[in-house]
Amino acid sequence: MKNKDFFKGKNILVVGLARSGLACANLLFDLGADVSVTDSYDSEGTRANVLKLKSNKIKVELGKHSREFICNKDLLVVSPGVPASALPLKWAQEMKIPVISEIEAAWILCPATIIAVTGSNGKTTVTTLIGKILEAQGKNVFVCGNIGNPFTLEVEKMKEGDFVSLEVSSFQMETIQRFRPKISVILNISPNHLDRYKDMPEYIAAKKRIFLNQEKEDYLVLNYDDSILRNIANECKAKVVYFSQGEGLNPNQAAVLAVGLILGIGKELILKVFEDFLGIEHRMEYVARINDIQFINDSKATTTDSALWALKNINSPIILIAGGRHKGLDYSVILEEALKKVKSVVLIGESKELIKKALGKAFPVDSAQTLEEAVRKAYLKALAGDSVLLSPMCSSFDMFSNYEERGRVFKQAVYGLMTDKKI
């Protein structure tokens, strides 16, 4: 690591105690900071993470945010899921306490070359593939961020000459100050997180912060096929490199190819990586085939665009399982494609009625209290040759801790069908 003394002796509050907050608190403690953690949730998950903190000297506040807990802090470090409206951030602004994101805390310490990937859809696949092409080139690479391990959990292992393929959300970029990747990638921009942002311009502005601090020796990779992105080149100092799908490549592959060529990786090697890539867990993941009914786990599809992509890429009749926490999206945008393939819909979660209102006139719609119940109902509706697709179009936080847990529960429910003698 570099700048190891940057946080030493500072009185720091970490806001949020999920994966990123836990990793960040432990790292800052190891670096000699006086660390406190606050989380508005007092849950099984946050209490479990308290036990994973490296020292009882790390002060913890669960189930609330109190003004007194923030007083006299030198710095606030914010976890990805914390909204800008959270009380600690408001109080920090009033008290003129600096606020940075967890990725910026790691960036300060990181000696490696950072490739940061954002966009409304495709981030995880592209971040993974960038890691794989670097590995194929013989480079030491860390794939982290929203994709899995937090940046602050991995940064201690990094050395000069290493690479970081970093998945970055708009949430994480709201509070960056100096974060500067060598290569930034914006894959696409479509309606998303409109429960958090007041409108699309505010959401787009958050995405554009990825190149806020880039200079002329850095690179910004943009999707030429996205009209919003095509027109922002004049807003940045970095060298702009466009990608466009074609020549047998989908948009995600085209983006990875553009990054690989910047890094000096041969096209032939990159195409070989694409050929060998089996996909990622929870994104169009084949689970099982039961009585010639295929089950597909697309729990990562938390937007309507992602669900639309899934519908376009399945060639059989579909029983769709959808629902979760509403993100302000218009579910009717999938109708045109869904009418070609979807036979019926089973809904779960807080958004059940909203999705039913959007789709209920086009398809038979049923609901379920649990994902296990939804899987069972979908199976009973399906015929040989059909696919049961979990593609929620919503976040998972009403029923699950994250989309990974939702995907695992789906898979377990499918496997349970195999031994259920009542069906």
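Read on for a plain summary of the structure. (Residues numbered from 1 in each chain as written. Predicted model: local features only at pLDDT ≥ 70, side-chain atom pairs only at ≥ 80, totals over all residues. Heavy atoms only, no water.)

Two elements in contact, helix H16 (residues 371–381) and helix H17 (residues 403–419), have axes whose closest approach is 9 Å; the angle formed by their N-to-C orientations is 45 degrees. Judged by the angle between their axes, H16 and H17 are oblique. The element H16 and its partner H17 pack so that their crossing is right-handed. The segment H16 lies against H17, with Leu371, Glu372, Val375, Arg376 and Tyr379 engaging Arg406, Val409, Phe410, Ala413, Val414 and Leu417. The class makeup of the residues in the contact of H16 with H17 is 8 nonpolar, no polar and 3 charged. (Axes fitted to C-alpha atoms, helices over the stretch in contact; angles between N-to-C directions. Helix = DSSP H or I, 4+ residues; strand = E, 2+ residues; numbered from the N terminus. Parallel < 35°, antiparallel > 145°, perpendicular 65-115°, else oblique. Left-handed = near helix turned anticlockwise from the far one by under 90°. Contact = heavy atoms within 4.5 Å. Nonpolar A, V, L, I, M, F, W, Y, C, P; charged D, E, K, R; others polar.)

Along H16, the positions that sit buried rather than exposed are Leu371, Ala374, Val375, Ala378 and Tyr379. An end-on view of H16 places all buried positions within 135 degrees of arc, on one side of the element. Where H16 is buried, its residues contact strand S12 (285–290), strand S13 (293–297), strand S14 (318–322), strand S15 (342–347), strand S17 (387–390) and H17. (Buried < 20%, exposed > 50% of the residue type's maximum accessible area, 1.4 Å probe, protein only. Arc of directions from axis to C-beta.)

This next bit is on the pattern of salt bridges. One pass over the full model with this rule turns up 25 salt bridges. Here Lys157 ties to Glu154 by a salt bridge, and the two come within 3.1 Å at their closest N and O atoms. Of the charged contacts in the structure, one is a salt bridge between Asp162 and Lys159, with a shortest N-O distance of 3.9 Å. For Asp162, a relative accessible area of 5% puts it in the buried group. (Salt bridge = Lys/Arg side-chain N within 4 Å of Asp/Glu carboxyl O.)

Glancing now at unusual backbone geometry. Despite not being glycine, Asn72 has its phi angle at roughly 65 degrees, a positive value. Tracing the backbone through its elements, the reader meets Asn72 in the loop between helix H3 (67–70) and strand S4 (75–78). Among the residues examined, Asn72 registers a relative accessible area of 68% and is labelled exposed. Of note, Glu247 is a non-glycine position whose phi angle comes to about 55 degrees, a positive value. Structurally, Glu247 can be placed in the loop between strand S11 (239–243) and helix H11 (251–262). Overall, Glu247 belongs to the exposed group, its relative accessible area being 75%.

With mixed pairing, the 6 strands of this open sheet are ordered in space as S12-S13-S17-S14-S15-S16. In the strand order of this sheet, the two ends are held by S12 and strand S16 (365–367), each with one partner. Between one strand and the next, the sheet's axes are offset by a mean angle of 20 degrees, whatever the strand orientation. When S13 meets S17, the two strands line up parallel, connected through 4 bridges. What sits directly across from Ile296, in S17, is Leu389. (Pairing = 2+ DSSP bridges.)

Let us now look at the packing of helix H6 (residues 123–136) against H11. Running from N to C, H6 and H11 cross one another at 40 degrees; their axes reach a closest spacing of 9 Å. As summarised for this structure, H6 and H11 are arranged oblique, according to the angle between their axes. Along this stretch, H6 crosses H11, giving a crossing that reads as right-handed. Residues Thr125, Val126, Leu129, Ile130 and Ile133 of H6 form the contact with H11, whose participating residues are Asn252, Val256, Val259 and Gly260. Considering only residue class, the contact of H6 with H11 consists of 6 nonpolar, 3 polar and no charged.

The subject of this paragraph is the sheet that holds strand S2 (residues 34–39). Sheets are built from strands paired through backbone hydrogen bonds, the pairs being either parallel or antiparallel. The strand order across the open sheet built from 5 strands is S3-S2-S1-S4-S5, with neighbouring strands paired in parallel fashion. A single partner strand is all that each edge strand has here, and the edge strands are strand S3 (59–62) and strand S5 (99–101). The mean inter-strand angle of the sheet, taken between neighbouring strand axes irrespective of direction, is 20 degrees. Pairing of S4 with S5, which is carried by 3 bridges, proceeds in the parallel orientation. Its bridge partner being in S5, Val78 is matched across the sheet by Ser101. The strands touched by helix H1 (residues 19–30) are strand S1 (11–15), S2 and S4; relative to S1, the strand with the most contacts, the crossing angle is about 165 degrees. Running over the sheet, helix H4 (residues 87–94) touches S1, S2, S4 and S5 and is turned about 150 degrees from S4.

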